[in-house]
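Topology and contacts: notes
One-letter residues, chain by chain:
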Amino acid sequence: AGQNRSFHPCAFIARPGYFSSFSERCWVPAGTMKSSTILSVALVACVLLQCAFLGVSGDDTPAADAASPAATLSYDGFSDAEKAAIDKTGSKQEFQAEVGRLMDIIINSLYSKKEIFLRELISNASDALDKIRFLSLTDPALLGEGDMAKLEIHIETDKAAGTITISDTGVGMTRDDLMNNLGTIAKSGTSSFLEKMSKEGDMNLIGQFGVGFYSVYLIADHVTVVTKNNEDKQMVWQSSADASFTISEDPRGNTIGRGTRITMKVKEDATEYLEEDQLKTLIKRYSEFINFPIFLQETKTEEIEVPDEEAEAKAAAEKAAKGEGEAEKKDDDEVDVSDVEEDEDKEEDKPKTKKVKKTSKSWELINDTKAIWVRAPSDVTDDEYANFFKSLSKDFDAPLDKIHFTAEGEIQFRSILFIPKKAPSDLFDKLQTKQTNLRLYVRRVFISDEFDDLMPRYLSFIRGVVDSEDLPLNVSREMLQQSRVLKVIKKKLVSKALDMMKKMSEAEERAIEAEEDESKEEEEAEKAEAEGKEEKKEEGEEEEEEEDEDGEGAIKRFKEFNEAFGKTIKLGIIEDTKNRKKLAKLLRFESTHTKDGETVSLARYVKRMKEGQKHIYYIAGENKKDLEHSPFLEKLKKRGYEVLYMTDPIDEYAVQHMDEFEDHKLMNATKEDLKFGDKEEKREKKRREAAKEDMKDLTEWYKKILGDKIEKMVISNRLTTSPMAIVTGQYGYTANMERLMKAQALNDPSRYSFMASKKTVEINPYHPIVKKLKEKCLSDPEDEGTVQLAHILYDSALISAGFDIDDQASFNKRMLKMVTSGLEIGDDAVVEEAPEEEEAEEADKEEEEDKPKEEL
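Figured I'd write up the structure that's included with this text. (Residues numbered from 1 in each chain as written. Predicted model: local features only at pLDDT ≥ 70, side-chain atom pairs only at ≥ 80, totals over all residues. Heavy atoms only, no water.)

Brief notes about a negative patch on the surface
Among the surface-exposed residues, Glu515, Glu516, Asp517, Glu518, Glu521, Glu522, Glu523, Glu524, Glu526, Glu552 and Glu598 lie close enough to one another that they form a single negatively charged patch. Of note, Glu524 is situated in helix α12 (residues 483-527). For Glu524, a relative accessible area of 55% gives the class exposed. (Patch = residues over 30% accessible without salt bridge, like charges linked within 9 Å, V, L, I, M, F, W, Y side chains within 5 Å. Areas by Shrake-Rupley, 256 points an atom, 1.4 Å probe, with all protein chains shown as cover. Salt bridge = Lys/Arg side-chain N within 4 Å of Asp/Glu carboxyl O. Lys, Arg positive; Asp, Glu negative; His and termini not counted. Charge placed at Lys NZ, Arg CZ, Asp CG, Glu CD. Helix = DSSP H or I, 4+ residues; strand = E, 2+ residues; numbered from the N terminus. Buried < 20%, exposed > 50% of the residue type's maximum accessible area, 1.4 Å probe, protein only.)

Digging into the pairing of strand β20 (residues 664-668)
Working note: regular strand, side chains alternate between the two faces of the sheet. Counting buried positions along β20 gives four out of five residues, so the element sits mostly inside the fold. Where strand β17 (residues 616-620) lies against β20, three bridges are found, and the strand directions are parallel. Directly across from Tyr617, in β20, lies its bridge partner Met667. Inspection of the sheet shows strand β19 (residues 660-661) paired to β20 by two bridges, in the antiparallel sense. Paired with Glu660 across the two strands is Lys665, which belongs to β20. Connecting the antiparallel pair β19 and β20 is a turn made up of two residues, with Glu662 showing a positive phi of about 50°. (Pairing = 2+ DSSP bridges.)

Considerations on the sheet that holds β19
Within a beta sheet, neighbouring strands are joined by backbone hydrogen bonds and run either parallel or antiparallel to one another. Reading across from one edge, β16-β15-β18-β17-β20-β19 is the order of the six strands in this open sheet, with mixed pairing throughout. Looking at the sheet topology across the chains shown, the edges are occupied by β16 (600-601) and β19.

Thoughts on the side chain of Asp168
Positionally, Asp168 belongs in strand β3 (residues 163-168). One buried charged side chain, Asp168, makes no salt bridge at all; its nearest oppositely charged neighbour is Arg258, positioned 7.2 Å away. Side-chain polar atoms of Asp168 contact the backbone nitrogen of Gly170, separated by 2.7 Å. (Polar contact = N/O pair within 3.5 Å; in protein donor to acceptor, adjacent residues only side chain to side chain.)

Details of the pattern of salt bridges
Taken as a whole, this structure holds 35 salt bridges when the rule is applied. A salt bridge links Asp648 to Lys567; the nearest nitrogen and oxygen atoms lie 3.4 Å apart. Taken as a pair, Asp648 in the loop between β18 (643-646) and α19 (651-655) and Lys567 in helix α14 (residues 541-575) lie far apart in primary sequence, 81 residues in all. We classify Asp648 as buried; its relative accessible area is 16%. According to the relative accessible area criterion, Lys567 is partly exposed, its value standing at 41%. A salt bridge links Lys570 to Asp651, with the nearest nitrogen and oxygen atoms 2.6 Å apart. Taken as a pair, Lys570 in helix α14 and Asp651 in helix α19 lie far apart in primary sequence, 81 residues in all.

Written as structure tokens, this is what we have:
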């Protein structure tokens, strides 16, 4: 079985005793025996002469000086004679599985991308190198000397032959290994190796040949594996993805020293993998961080100058002819031209050259970037982290911050997470797509960077790597088998990412507190005149300067983070209920107490709350300038309470998911039932009860005028200088939220109509306008002027609160009437129209006057 020798025209004469056996087995008539013998001898003589002419020796081997077709090598490096020897000595075996169906699954279903074959083969080569390195720890002689001691992977292509070859100097395989590992689908040699070595040490490998090896048939229709193990001869394994394979001893002997060499005959539809640039891209994508160097053979073509023999011969002939002609001329003319002849001879003596294209091949190291996450954080420099981040993210700037850690427990993995300095321009456009911000590796072999739930979408700006030693992957290594494992990894990654941000936030808080303390000390120092204290300050001056620089850096770093990723943190407040308290500490807002460009955290807000203050107050709007003059803040400012300005569209929506912070309830200053929770509130409540009774007639009259535009009218506890304000109910949209909802591109009013604002009018009973309006309505409730003034006051309160005016036409009429009244223009005043006849006559006159001028 497995023998398939080619017929040679002279092969039958090579065996001693062939003819005797032939005559014994062939029947020849007795009368023709003598003549037959003579003819046979003559035939043999002719054949021998022909063989000698062709250069074939009697031992069935090509003559040394003959160019026999048998010397031509096949695509996998074997001559015809060597292939015949393989067929003769090889053993043909059947795969130990339903290979026809399984191969079809592997080729068409198991892997989503053909390019995976390179990752799998490099992983196998890396495993083989790991094995020989591990075994050499107890027996260094196993590594050998010279090139064999170099643990490397080499990849080369041959476009003419249509092949890709991957070789390594790993442990190699014996005949039994080939039978067991490549003869059984999904058999992992590494798994057996691990079982054997588990008692002696921890040796984690992905898996020597198994299903991963058969990914070669994604791009190849024939594969040859040449392997040499220290304990066996060099063996050859061949298969064409059918139901059989052949194993034989290599007739060439030991040509690779030790290791494995896989040669793939590429399919016609996969020729793009013969391109060196394509292979280089795939190596960098999937195997950039393999422990061992990966070399790719590159072909370079360059132009060089070489001697031009034809031009030299032509120049020599021309020179000889020219010499004869000059000799004849010299006899006729005795003029001395020796100097000119010497110069011409020098030019002619220069060698003639021509440019030709020369093709050279060289090995280039592809995986020059090291996997720094496998090292201890203390051994990695900031420059190494920065360079690694740039190679990972293709960013030009160094990361804003990083965290390098090892997770232990149910799943062990190493990871480095980075916060970029700037947010990508399409950060929010990709929230609904698969994230590609994290790269998952298994023992430094890239698996995937497309995940749905490895990191929550609000942390999609985090870049980094995750590398596990024992991650349970599916058979194609393209996805995790257990969602539970993903949840464990996700929980740890989120926790570490938030810890990194927490440290940045705390550093900023400490720096701000230090600045505040320093400013207090400076104020005290200005008052104090103690010389001893000044001397102590001078002694610690250098240390203080260093602290100032660190503090400024911390403040600047977190400010950059908040400007770039503040929105995504607020998105996390909405989506991540488990980590909401941690995320709340990262929020920053402007407030009534901050200067331009400064922000305050909720923790710092709580620290500087006024005595007796129980709530955290905020107001949401389009910009800080409008909010600063909002009537809703009048009483809060008077009491000295700090109010947060929320000007980001997502702010108010995010805060609605936070009931409180550190036991302090968050209260919207634009909603009804505003509470202060102090002693003064009780006294104000009694005064409001008295004012309510006093303004009863006005509120009833006003409600009758406005009708169903409002829900109720009450005495305000928040106004001090404004006559009126319009607030909303506790569970309805505020004016800001209503504005945002209406601005949606695919807005459907029916979807949020049930959340439409229930408007409550609050009036300031002590304001002169309110008092005068009360007098007017009591004296003449039906007066049209008073009614119009009431409507104008309500409309101005709507605009001040941020609401849209429903009846724009009526509002415009009322405003024009108020303007005409202020200018003392009567109601019967009409708009004058210019007389058309007079204008026409004037135009005709001007034309007649211009005609003489044009004629001149």
